[in-house]
Amino acid sequence: MDSTSLEPSLYTVKALFILDNDGNRLLSKYYDREFYPSMKEQKNFERNVFNKTYKADNEIAFLEGMTIVYKSSIDLFFYVVGSSQENELMLMSVLNCLFESLSQILRKNVERRCLLDNMEGVFLVVDEIIDGGVILESDPQQVLQKVNYRADENPLSEQSVAQHITEKLALTTNVLQSAKEQIKWSILK
């Protein structure tokens, strides 16, 4: 075996994905460019993983030289993938952090519909836990604090979007009115 493959690395997570109970992708992040670089290869890998795990009662699977930890909830399957040499406990801590953080954000209602309705929060949670394959955080409370801080810093609700659009519309109306007045006075001169 190659000695460089046994050296410790900060890049512990190869991929993270969430599938529904039919095996359809809801979210996926691949952190290693050599690990299934095309969309077709990724979806094929996800299908193989789902077929191996959706009826299993385990938490760890080994497939195609990868260590996969997973958890299911109602109609969702959460997966964290690492290399075959990766510590399963590290991957499991990432999975548990992801699940607990999402459980808090979704108010203990971890199911497909709620996940899709709150996808921006889901992406924020994933980005707070893992960056480029490096585990940044494994404490759900720390993740929630960072996500809430960031959300409070720049809230993007339906009301703020509607207010922004209304302001832009009013500004455009004022510009058009001013242009009409200028044209009218230039014609009357």
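Residues numbered from 1 in each chain as written. Predicted model: local features only at pLDDT ≥ 70, side-chain atom pairs only at ≥ 80, totals over all residues. Heavy atoms only, no water.

1. Here's the deal with the overall build of the protein chain
At step 1: A count of helical and extended segments in the protein chain gives six helices and seven strands.
At step 2: The helix and strand sequence of the protein chain, counted from the amino end, reads β-β-α-β-β-β-α-α-α-β-β-α-α.
At step 3: Buried positions account for 38% of the 189 residues belonging to the protein chain.
At step 4: The contacts of the protein chain with a sequence gap of at least 6 include a subset with a gap of at least 24, amounting to 51%.
At step 5: Surface summary for the protein chain: the accessible area is close to 12,100 Å², and the carbon and sulfur share equals 51%. (Helix = DSSP H or I, 4+ residues; strand = E, 2+ residues; numbered from the N terminus. Buried < 20%, exposed > 50% of the residue type's maximum accessible area, 1.4 Å probe, protein only. Contact = heavy atoms within 4.5 Å. Areas by Shrake-Rupley, 256 points an atom, 1.4 Å probe, with all protein chains shown as cover.)

2. Here we look at the environment of F35
At step 1: Residue position: F35 is located in the loop between β2 (25-30) and α1 (39-53).
At step 2: Classification of F35 as buried rests on a relative accessible area of 7%.
At step 3: Setting aside its immediate chain neighbours within four residues, F35 contacts K14, A15, Y30, F45, M66 and V81.

3. What about unusual backbone geometry?
At step 1: Positioned with a positive phi, E64 is a non-glycine residue whose angle comes to about 55 degrees.
At step 2: The topology assignment puts E64 in the loop between β3 (60-63) and β4 (66-73).
At step 3: By relative accessible area, which is 40% here, E64 ends up partly exposed.
At step 4: A positive phi angle, close to 55 degrees, is found at R107, a residue other than glycine.
At step 5: Judged by relative accessible area, which is 71%, R107 ranks as exposed.

4. What about the confidence of the model for the protein chain?
At step 1: Averaged over every residue, the pLDDT of the protein chain is 81; the share at 70 or more is 85%.
At step 2: Mean pLDDT in the protein chain bottoms out at helix α5 (residues 140-153), which sits at 71, and peaks at strand β5 (residues 76-83), which reaches 92.
At step 3: With pLDDT under 50 throughout, residues 150-155 is counted as low confidence; its partners more than four residues away or in other chains account for three contacts. (pLDDT = per-residue confidence, 0-100.)

5. Details of the nonpolar core
At step 1: Counting residues in hydrophobic clusters, the biggest one holds 32 residues, and the most contacted among them are I18, F78 and L115.
At step 2: For this core, the elements supplying multiple residues, two or more each, are β1 (15-20), β2, β5, α2 (88-105), α3 (112-117), α4 (119-129) and α5.
At step 3: Broken down by element, this core gets its largest block of residues, nine residues, from α2.
At step 4: Sequence-distant contacts of I18, defined by excluding residues within four places in its chain, comprise N24, R25, L26, L27, L76, F77, F78, L102, L115 and V122.
At step 5: Among the nonpolar cores identified, the runner-up in size contains 17 residues, and Y36, F45, L63 and M66 belong to it. (Core = buried A, V, L, I, M, F, W, Y, C linked by side-chain atoms within 4.5 Å.)

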